[in-house]
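# Fold and geometry: a report
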Amino acid sequence: MPFENVLIETHDGVATLTINRPKSLNALNTATVAELCLAVEQVADDRSVKALILTGAGDKAFVAGADIAEMAHMASPAALTFSELGHRLGDLLESLPIPTIAAVNGFALGGGCELAMACDLIYASEKARFGQPEVNLSVIPGFGGTSRLARRVGPHRARELIFTGDLIDAAHAERYGLVLAVLPPEQLLPHCREVAKKIAGKGPLAVSQAKKVLAAGADLPLQAANALERQAFATLFGSRDQKEGMAAFLEKRPPRFEGH
Ligand code: DAK
């Protein structure tokens, strides 16, 4: 299904969603967030897709935030609906059974930083800038920034970024552990595709279980998280792919995983 503000491309088991409103630095208005939700659902329904990359159109921005022009006149009920839609998108990305990668090619501010943080892995171009500048507008992060930033960089750094609204460059974000690596702009997408393709070649059930256990375990006491891991580990031994993966190792040949 074609969208107005989101481009979808799929190659070699990797889907790339590009947020495509470059004139507004890919700001997220309601229509774009709704399209992103649909696009992520579309990816979820395509069993040939094994990894998802999210990026922004143009060379300036990943996403410069929620659309301020649209939000400017919202009253509280509309703001709540908008925030719920943004949270729905974050939840959809996190519950996708495949890994998601944010390729942050420029500004990732407010809702843009929040969108990147709803992805499993974040890589940045040297031109990327991150921040939660909502306090400049006298609001707070509304798409999961208070919770996800604190989990990503720790509560102390999250407080500083959210209270000051300061932007940090890619190197700073890498020091904070917010991004995994910083790449020259032209190498960002190729690098993300390489990582995605590598993951796409692994046992998809294993990758999916790992994603689930890592996410659920992060909010649990250690013993409960370990119990989840034991259960998922054992469950995978009921799959054909586990037999295939171990047989392939013993027979010294590449595995042929089918996702069963
Ligand atoms: N929304 C709408 N338009 C935006 C935008 C945004 N977030 N960011 C940029 N644009 C538009 C600009 O208005 C401009 O449009 P024209 O004037 O050309 O029509 C165009 O993109 C180019 O931007 P600039 O001319 O400003 O470009 P510069 O290179 O000079 O500056 C900048 C780039 C990224 C530093 C600057 O554009 C900027 O500061 N943008 C705003 C960044 C920002 O504050 N982002 C956070 C937005 S707040 C909630 C739900 C969600 C949220 C909060 C609450 N609830 C409902 C509870 C989340 C909030 C946010 O994300």
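A brief report on the enclosed structure follows. Keep in mind that what you see is a predicted model, and the values were worked out from it rather than measured.

## Quick look at the packing of helix H1 (residues 30–45) against helix H3 (residues 76–95)
Interhelical geometry of H1 versus H3 gives an angle of 25° and a closest axis separation of 10 Å. One way to sum up the angle between H1 and H3 is to call them roughly parallel. Between H1 and H3 lies a crossing of left-handed hand. Of the residues in H3, those in contact with Thr-30, Val-33, Ala-34, Leu-36, Cys-37, Val-40 and Glu-41 of H1 are Phe-82, Leu-85, Gly-86, Arg-88, Leu-89, Leu-92 and Leu-93. The class makeup of the residues in the contact of H1 with H3 is 10 nonpolar, two polar and two charged.

## Section: the site of the ligand
Near the ligand lie 24 residues; those nearest to it are Lys-60, Ala-66, Ile-68, Ala-79 and Gly-111. A distance of 2.9 Å separates a nitrogen atom of the ligand from a polar backbone atom of Ile-68. Backbone polar atom of Gly-111 to an oxygen atom of the ligand: 2.8 Å apart, as the coordinates give it. Protein contact buries 62% of the 1,100 Å² of open area that the ligand shows by itself. For the shell around the ligand, the elements supplying multiple residues, two or more each, are helix H2 (68–71), H3 and strand E6 (107–109).

## Side note on the environment of Ala-171
In this fold, Ala-171 is placed in helix H7 (residues 170–175). Remark: the alpha-carbon pair of Ala-171 and Gln-132, spanning 39 residues in sequence, is separated by 17 Å.

## What about unusual backbone geometry?
Although it is not a glycine, Leu-25 adopts a positive phi angle of roughly 50°. Tracing the backbone through its elements, the reader meets Leu-25 in the loop between strand E2 (14–19) and H1. The class for Leu-25 is partly exposed, based on a relative accessible area of 24%.

## Digging into the nonpolar core
Core analysis: the largest hydrophobic core is formed by 50 residues, its most contacted members being Leu-17, Leu-36, Val-104, Leu-115, Ile-122 and Phe-130. The biggest single contributor to this core is H1, with six residues. Membership of the second largest hydrophobic core comes to 14 residues, among which are Ala-181, Leu-183, Leu-188 and Ala-196.

## Description of the packing of aromatic side chains
Taken as a whole and judged by the stated rule, the model has two aromatic pairs. A ring pair is formed by Phe-82 and Phe-143, whose centres lie 5.2 Å apart and whose planes are at 70°; its orientation type is edge-to-face. Within this pair, whereas Phe-82 is found in helix H3, its partner Phe-143 is found in the loop between strand E8 (129–131) and helix H5 (145–153), the two being separated by 61 residues in sequence. A residue is classified by how much of its surface remains accessible, and Phe-143, at 7% relative accessible area, is buried.

Rules of the game
- Residues numbered from 1 in each chain as written.
- Predicted model: local features only at pLDDT ≥ 70, side-chain atom pairs only at ≥ 80, totals over all residues.
- Heavy atoms only, no water.
- Axes fitted to C-alpha atoms, helices over the stretch in contact; angles between N-to-C directions.
- Helix = DSSP H or I, 4+ residues; strand = E, 2+ residues; numbered from the N terminus.
- Parallel < 35°, antiparallel > 145°, perpendicular 65-115°, else oblique.
- Left-handed = near helix turned anticlockwise from the far one by under 90°.
- Contact = heavy atoms within 4.5 Å.
- Nonpolar A, V, L, I, M, F, W, Y, C, P; charged D, E, K, R; others polar.
- Near = heavy atom within 4 Å.
- Polar contact = N/O pair within 3.5 Å; in protein donor to acceptor, adjacent residues only side chain to side chain.
- Areas by Shrake-Rupley, 256 points an atom, 1.4 Å probe, with all protein chains shown as cover.
- Buried < 20%, exposed > 50% of the residue type's maximum accessible area, 1.4 Å probe, protein only.
- Core = buried A, V, L, I, M, F, W, Y, C linked by side-chain atoms within 4.5 Å.
- Phe/Tyr/Trp six-rings, centres within 6.5 Å; stacked < 30°, edge-to-face > 60°.

So far we have only geometry, and geometry alone does not tell us how the molecule works.
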